[in-house]
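Architecture at a glance
The residues making up each chain are set out below.
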Amino acid sequence: MAYKLLDGRDLARRMKEAMKLEIRDMAGKGIVPGLAVVIVGNDPASRIYVNNKKKDCEEIGIRSFEYALPEDASEDQLLGLIDALNEDPAVDGILVQLPIPRHLDEAKVIRRISHDKDVDGFHPYNTGELMIGRPVFAPCTPAGIMELLKDAGIDAAGKNCVVVGRSNIVGKPMAMMMLHANATVTICHSRTANLKDVCSRADILIVAIGRSEFITADYVKEGAVVIDVGMNRRDDGKLTGDVDFEGVSAKASAITPVPGGVGPMTRTMLLKNTIKASKMHKRDMLS
Ligand code: GUN
């Protein structure tokens, strides 16, 4: 069966072109959206993510501000920085790259970000709004997946959607968004019994577990839509998803590649949220 490749790079490029024009329009009114990116410590993957986010901002005309704190930064130092960014009118969005070093309380740090600048959508205010179906800033990865599905004309209504992974960043908000899209949703995790059986009943299977090529063809129903959130580096250096693309693509009706599927969409939704924040903050200049 021929499958449709859900090309996140292509959709991201199209969405960025539209956002560029939107930002040009805002600039004409004296508004330049600003994103503050905070990185604590020296995690090499986080460094790459932060550099990419800054590059994306530059590409479409969002101003970015980087704040790099040392690995041994104190909680007061980080919270003080967030307080200052909350007050800074040039900053519309604040993102603290996760994970942060273990001596810092992640939940406390996220709560300190003003919820109207929480472009990651991680603050309990925003997770609550998402749960009651009034998302302000939806978390970027699941929001990007919803865009990919919409662009491909895949309607979730009435479908069995299985989400594998229950993180606060991906699995839980993903399940909520699919529920709002009228799917029948099952959330699986490391303690799920008969995972293979549950997955093989999915019309839409979304995998975010961080285990290289864990989902093989025998987990997948013929004709299913398969979304791979994984990004793993194999011992031989190859970048892989959580899905065995080769085997699963022979059964799926649509599937995301890794890289080039979900990743570019996550980055794009951050830009979208930052523009939204800017428009909220500067609404009196827009009318
Ligand atoms: N670490 C992994 N993914 C993310 C993300 O979407 N946002 C932030 N802030 N940190 C992350």
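This report concerns the structure included in the present document. Here the residue numbering is sequential within each chain, running from 1 through the sequence in written order. Residue-level local features of this predicted model are given only where pLDDT is at least 70; pairs of side-chain atoms are given and counted only at 80 or more, and the full residue set underlies all totals for whole chains, interfaces and linings. Water and hydrogen atoms were dropped before computing side-chain values, which therefore reflect all heavy atoms in the structure.

1. Here we look at the sheet that holds strand 8 (residues 225-228)
Worth spelling out the cut-off: The criterion for strand pairing is that DSSP finds at least two bridges linking the strands in question. A run of DSSP states H or I qualifies as a helix once it reaches four residues; a run of E qualifies as a strand once it reaches two. Both are numbered from the N-terminal end.
Strands sit in the order 1-11-8-7-5-6 across an open sheet of 6 strands; the sheet is parallel. Of all the strands in the sheet, the pair left with one neighbour each is strand 1 (4-5) and strand 6 (184-188). For strand 8 and strand 11 (residues 254-255), the ladder comprises 2 bridges, and the chain directions are parallel. In the strand pairing of strand 11, V226 is matched with I255.

2. Quick notes on the environment of P44
This is how the line gets drawn: Buried residues are those whose accessible area, probed at 1.4 Å on protein chains only, stays under 20% of the maximum for their type, while exposed residues exceed 50% and partly exposed ones sit between those limits.
Relative to the helices and strands, P44 is located in helix 2 (residues 44-60). Residue class for P44 comes out exposed when judged on its relative accessible area of 58%. For the pair formed by P44 and I145, sequence separation is 101 residues and the distance between their alpha carbons is 25 Å.

3. Some words on the sheet that holds strand 4 (residues 93-96)
The strands making up a sheet associate through backbone hydrogen bonding, with each pair oriented either parallel or antiparallel. The following threshold applies: In this analysis, axes come from line fits to C-alpha atoms, helices being fitted only over the stretch in contact, and the angle between any two N-to-C directions falls in the range 0 to 180 degrees. The contact rule is simple, with two residues in contact once any of their heavy atoms fall within 4.5 Å.
As summarised here, the arrangement of the 3 strands in space is 3-2-4, forming an open sheet in which the pairing is parallel. With one partner strand each, in any of the chains shown, strand 3 (63-69) and strand 4 form the two edges of the open sheet. With direction set aside, neighbouring strand axes in the sheet form an average angle of 15°. Relative to strand 3, strand 2 (residues 34-40) runs parallel, the two sharing 7 bridges. The residue of strand 3 that forms the bridge with V38 is Y67. Along the sheet, helix 2 makes contact with strand 2, strand 3 and strand 4, crossing strand 3 at roughly 160°.

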